[in-house]
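Letter by letter, the chains look like this.
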Amino acid sequence: MLMRGGDLEGAARQYGEAARIAATVENADSVASNAINQSIAYQWMGRDADARDALARVLDDPRRAFSERRRLQAELRRAIVELSLQNPVSAATFAERAAQRCPNLSCEYAATILNVQSQIALETSRAADAEQLATRAAERARSRNDRAEAANALRMLGKARRAQDNAKGAIQPLEQALAIDRDLADPRKILADLTELSLASSSAGNRDAARDYYERAVTVSRALQDTRGLAEMEAQLRRP
Amino acid sequence: MNATFVPPTRFSRLALKVNAFLLIALLLGAAFIALVAYKQGWFVHQTRIHFVTPNALGLNKGMPVKLYGFTVGSVSGMELSEEGVDVRLSIMSEYMPRIPKGSLAKHSREGSVVGAAVIDIVPGKPGPALAEGERIEFQPSRSIAEFIDDIRRQAVPAFNEMKTVLGQFKGSGEDIAVSLHSLRKEMEALPQTHRELRKLITTAERTAAELSTTAQGTERAMANVERAVPELTTKLGGAIESIDGAAQQLRKTGEEAQGAIQKARPVLERGDAVARDAGEVFNAAKRVWPLSDSFNETIDRELPIDSFDARSKAPKL
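Report follows, based on the coordinates. (Residues numbered from 1 in each chain as written. Chains lettered and ligands numbered in written order. Predicted model: local features only at pLDDT ≥ 70, side-chain atom pairs only at ≥ 80, totals over all residues.)

## Thoughts on unusual backbone geometry
Non-glycine residue Asn104 of chain A carries a positive phi angle of around 55°. Counting through the fold element by element, Asn104 of chain A comes out in the loop between α6 (88–100) and α7 (110–123). (Helix = DSSP H or I, 4+ residues; strand = E, 2+ residues; numbered from the N terminus.)

Set out below in structure tokens:
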């Protein structure tokens, strides 16, 4: 309820308290569930280091009998947080551990794992690998009807293609990602799609389309009151 | 009289008209057959693959085969084999490059539980496509019992928490009973305290009288004290009587409260048992199929793990 109401601070505190109480009654599943939720709440607040610490309840406690699913969730979340903290090597380690708990990459988190691995590949200048992983992530997400991860995979595919100087090839997946994110009504992702589309159009030499996407991105960013994001986006677009 | 027969003009070139009519009917029939054949996919090249399942329950000839929710073929036939039932699938050849070796065929339902049964193809790792006649792995659908077990696993922690809370509530009830017992003891001691206060006041009166006779230098002051003491004594006497009344009232209330707690304890114990029973009934009701879709609280408690959160703070050029 607190998360839905936007009280991230209160939600993180409540999740921490719930995990503590669950530990007193030795309910390992509830400990893990609340620790993971607390990590997500901290990350949405921009407190990545606290998000990493919250996961220690699960990852640094080998004695407690957490289920394979909870361990996978915690390792996947840790990979996401490490990537957000610009630690791609550590992120790759945790993503690999999560992948080993997902047989044949056919579990419910397969698309998320592949998307994280794709992003790690892009961060470590392996754009071709990133494109291949994003393609697989898109297939997995579609097969499970997971629209949010399908859009993430298409966005990653566009980024990977742009990084390989294939800006024209990046436009189509990015437009598909934008269509899905508009259906899902997630403004953060819509902003990311429009920014990537603007950059890809600019790289492809279509300055009118780039300008159009840029103006739409600015409108979304202002509506989100994301002044930092707006400044970063403008700085990116001004680069030659 | 001229006997020559002259046919009516409306029957002129009759054979030609009849032939033209038959030709048009033939053409229309052929077009209809061609349309039906096209719609049935007779002109589309099909690739046959197959899988083997221990039993064919829920599988039917003609059942659609889907890839990413899109119909790409159908079940073309089934026959008994040594391993169980050999099920043949006809897939439109244009989609075969999307079905690499290592793909999986799953028996599932559209809309999870109540939709139409379909064969869902889950593609494997990218690689060479399955060839004509090749075998694909098959995964049977999950049974209702497995769905129920899933729900049960999710509901058990919630009921354990409820049980703990009820246990704590019962413990709190015992604490209140102990506190009221101590309070009652203190209230029983109040009349004794009251009597000792009276003695103290009497002693103070005597002392004051003695002081007035022995201390000549303080005679004026003592006279004032003598005036004040009786007035104070009257007021204190009234106050002590009020305290006495209040103490009796408190003692009575304490006794009533203790009685109420003693009566409430069995109710609490019964409440615990009833809650446990209700939990079991509720648990059983949740396993019944029509209700099972309505209980998603435990699932809702999990926040989504979204790879988007892993993004860098700004897009890279």
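Once the structure has been displayed, the description carries forward.
## Considering the interface of chain A and chain B
Taken together, the contact pairs 35 residues of chain A with 20 residues of chain B. Elements supplying a minimum of two residues to the side of chain A that touches chain B: α2 (28–44), α5 (68–84), α7, α8 (127–143), α9 (147–163), α11 (187–203) and α13 (227–238) of chain A. For the side of chain A that touches chain B, the class distribution of residues is 11 nonpolar, 15 polar and 9 charged. (Contact = placed C-beta atoms within 7 Å. Nonpolar A, V, L, I, M, F, W, Y, C, P; charged D, E, K, R; others polar.)

## Things to note about the pairing of strand β1 (residues 46–53) of chain B
The side chains of a regular strand alternate, residue by residue, between the two faces of the sheet. Residues and elements named next belong to chain B. On β1, burial follows the alternation: Thr47, Ile49, Phe51 and Thr53 on one face are buried, whereas Gln46, Arg48, His50 and Val52 on the facing-out side are not. Where β1 lies against strand β4 (residues 85–92), 8 bridges are found, and the strand directions are antiparallel. For His50, the partnering residue across the bridge sits in β4 and is Arg88. (Buried ≥ 20, exposed ≤ 12 C-beta atoms within 10 Å, placed from the backbone. Pairing = 2+ DSSP bridges.)

## Some thoughts on the packing of helix α1 (residues 8–24) of chain A against α2 of chain A
All names here are of chain A. Here α1 crosses α2 at 160°, and the two axes come no closer than 8 Å. One element, α1, and the other, α2, form an angle in the roughly antiparallel class. When you trace α1 past α2, the crossing you get is left-handed. Here Leu8, Ala11, Ala12, Tyr15, Gly16, Ala18, Ala19, Ala22 and Ala23 of α1 lie close against α2, whose contacting residues are Ser30, Val31, Asn34, Ala35, Asn37, Gln38, Ala41, Tyr42 and Trp44. (Axes fitted to C-alpha atoms, helices over the stretch in contact; angles between N-to-C directions. Parallel < 35°, antiparallel > 145°, perpendicular 65-115°, else oblique. Left-handed = near helix turned anticlockwise from the far one by under 90°.)

## Focus on α1 of chain A
Since one α-helical turn is 3.6 residues long, residues separated by three or four positions face the same way. Residues and elements named next belong to chain A. Between its first and last C-alpha, α1 extends 25 Å over 17 residues, near the 24 Å set by a 1.5 Å rise per residue. For α1, the full list of buried residues reads Ala11, Ala12, Tyr15, Ala18, Ala19 and Ala22. Seen along its axis, α1 keeps its buried residues to an arc of 125°; they face one direction. Across α1 from its buried face, at more than 90 degrees, point the exposed residues Glu17 and Thr24. Among the structural elements, α2 and α4 (56–59) are those in contact with the buried residues of α1. Phi turns positive one or two residues past the end of α1, at Glu26, with a value near 55°. (Expected span 1.5 Å × (residues − 1). Arc of directions from axis to C-beta.)

## Details of the sheet that holds β4 of chain B
Residues and elements named next belong to chain B. Here we have 7 strands laid out as an open sheet, ordered β1-β4-β3-β2-β6-β5-β7, and mixed in their pairing. Strand pairing shows two members of the sheet lacking a second neighbour, β1 and β7 (137–139), which therefore form its edges. Each neighbouring strand pair of the sheet contributes to a mean axis angle of 30°, computed without reference to strand direction. Relative to strand β3 (residues 70–80), strand β2 (residues 64–67) runs antiparallel, the two sharing 4 bridges. Note on β3: the bridge partner recorded for Val65 is Gly73.

## A short note on the environment of Ala95 of chain A
Residues and elements named next belong to chain A. Position of Ala95 among the secondary structure elements: in helix α6. We classify Ala95 as buried; it has 29 C-beta atoms within 10 Å. Between the C-alpha atom of Ala95 and that of Leu72, which follows or precedes it by 23 residues, the distance is 9.1 Å. If we skip the residues at most four places from it in the chain, Ala95 touches Ala79, Ile113, Val116, Gln117 and Ile120.

## Thoughts on the pairing of β3 of chain B
Counted between consecutive antiparallel strands, the loop separating β2 of chain B from β3 of chain B contains 2 residues, among which Tyr68 of chain B sits at a positive phi close to 55°. Here β3 of chain B hands over to β4 of chain B after 4 residues, with Gly84 of chain B in that stretch at a positive phi of 155°.

## Some details on α11 of chain A
Residue and element names in this part refer to chain A. Here α11 is 17 residues long and its end C-alpha atoms lie 24 Å apart, about the 24 Å a rise of 1.5 Å per residue gives. Across the 17 residues of α11, 14 count as buried, placing the element largely inside the fold. Once α11 ends, the next one or two residues include Gly205, with phi positive near 90°.

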